[in-house]
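# Working through the structure, step by step
So you can see what is in the structure, the chains are spelled out below.
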Amino acid sequence: MDAQLLHTVADGVATVVISHPAKRNAMTAAMWRALPELLEGLAADPAVRALVLTGAGDTFCAGADISSLRAPQRPAERAHGSAGVTGPAEDPQTLAVRAEEALAAFPKPTLAAIRGFCVGGGSQLAAACDLRFAEEGASFGVTPARLGIVYPASSTRRLAALVGPATAKYLLFSAELIDADRALRTGLLDELLPAGQLDKRVAEFTRILAGRSRLTQAAAKEFANGRTDRDEHWAAQARGSGDTAEGVAAFLERRTPAFTWAVGGDAAPGAATP
């Protein structure tokens, strides 16, 4: 089967599936390039209130498909025995970081649903999501030390912020895989589910996310990610949105709130947008 990114949108939740079964869902250069554009479209879709990233079958993502990241050699390279890796514009690490940053910047809640191997570029993508749920039996690893690659600075900082410097060093220095129980203990995972329960729990939790205030979620995402220059912006959004008044009224009236603020101008008439 072809290597591709599949996606669906249902009940407010976009699901993006990494599909490359022949190589345990390893990401090709084309897949790395396609992800930012796909995410941009989903971010602008008013029907999308949360996003799930997962892998086809029983594997999340086994990393980068190294064979797809080699460019044809130029004559001079063949003469000198060069390995013929891609040039600066198509550098594998650049492609992966661009995709990772696009995922981290997605303005709505994101959740990685993980089965099987979540290794290398797979771990890079999972760490860029807001939350990570996994099924028992999943394995995790950050493996550039096996290839002599310097892991990107932004990816290293994100990993260290997630699991702490000691665990980040353990993963990066050794390139060893850890099991799901250890991933949960170190903070790499938020929830660990018994076999067969991941899809049910992800569907249940994303329904919860889709029903909450998008204003609260968007502001919390920026604050939690360390942004410090938008405090007044979000205070103004809160004052103008009507979400707080609606939330309090719905609580007192014992009904489901009808929040109107939305990312990117998808608010009801009169509601504030960023």
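Notes on the structure in this doc start here. This one's a predicted model, so the numbers in the text were calculated from it and none came from an experiment.

Turning to helix α9 (residues 214-224), its buried residues are Arg-214, Leu-215, Gln-217, Ala-218, Ala-219, Lys-221 and Glu-222. Buried residues along α9 sit against α3 (92-104), β4 (110-114), α8 (198-211), α10 (231-241) and α11 (243-253). Sitting at the head of α9, Ser-213 places a side-chain oxygen 3.3 Å from the backbone nitrogen of Leu-215. Where α9 ends, the next residue or the one after it, Gly-226, has phi of about 100 degrees, a positive value.

In space, the 3 strands of this open sheet follow the order β5-β7-β8, with mixed pairing throughout. Looking along the sheet, the strands with just one partner apiece sit at the ends: β5 (117-119) and β8 (178-179). Here β5 runs beside strand β7 (residues 139-141); their pairing, made up of 3 bridges, is parallel. Following the sheet pairing, Phe-117 is matched in β7 by Ser-139. In the packing of helix α4 (residues 121-128) onto the sheet, contacts are made with β5 and β7, and the angle to β5 comes to roughly 85 degrees.

This paragraph deals with α4. Taken across its 8 residues, α4 has 8 buried, putting it largely inside the fold. Where α4 is concerned, the buried positions are Gly-121, Gly-122, Ser-123, Gln-124, Leu-125, Ala-126, Ala-127 and Ala-128.

All right, on to the layout of surface pockets then. Empty space among the atoms becomes visible once a probe the size of a water molecule is rolled across them. By volume, the second largest pocket is sized at about 640 Å³. Residue lining of the second largest pocket: 25 residues in total, with Ala-104, Asp-130, Lys-221, Ala-224 and Asn-225 positioned closest to the centre. Elements supplying a minimum of two residues to the lining of the second largest pocket: α3, α4, α5 (153-163) and α9. Looking at the lining of the second largest pocket element by element, the count peaks at 5 residues for α9. Residue composition of the lining of the second largest pocket, grouped by class: 16 nonpolar, 1 polar and 8 charged.

As a further point, take the packing of α3 against α4. For the pair α3 and α4, the least separation of the axes is 8 Å and the interaxial angle reads 25 degrees. The angle between the axes of α3 and α4 places the two elements in the roughly parallel class. Two packed elements cross with a definite hand, and for α3 against α4 that hand is right-handed. Of α4, the residues touching α3 (which contributes Ala-96, Val-97, Glu-100, Leu-103 and Ala-104) are Gln-124, Leu-125 and Ala-128. Its residues assigned to classes, the contact of α3 with α4 comprises 6 nonpolar, 1 polar and 1 charged.

Following the sequence through the fold, Ser-213 ends up in the loop between α8 and α9. Apart from the residues within four sequence positions on either side, Ser-213 is in contact with Asp-243 and Phe-259.

Rules behind the numbers
- Residues numbered from 1 in each chain as written.
- Predicted model: local features only at pLDDT ≥ 70, side-chain atom pairs only at ≥ 80, totals over all residues.
- Heavy atoms only, no water.
- Buried < 20%, exposed > 50% of the residue type's maximum accessible area, 1.4 Å probe, protein only.
- Helix = DSSP H or I, 4+ residues; strand = E, 2+ residues; numbered from the N terminus.
- Contact = heavy atoms within 4.5 Å.
- Polar contact = N/O pair within 3.5 Å; in protein donor to acceptor, adjacent residues only side chain to side chain.
- Pairing = 2+ DSSP bridges.
- Axes fitted to C-alpha atoms, helices over the stretch in contact; angles between N-to-C directions.
- 1 Å grid on protein atoms, 1.4 Å probe; cavity = no way out; pocket = protein on both sides within 12 Å on 5 of 7 lines; lining within 4 Å.
- Points joined across faces, edges and corners; volume = space filled by probe spheres on them.
- Nonpolar A, V, L, I, M, F, W, Y, C, P; charged D, E, K, R; others polar.
- Parallel < 35°, antiparallel > 145°, perpendicular 65-115°, else oblique.
- Left-handed = near helix turned anticlockwise from the far one by under 90°.

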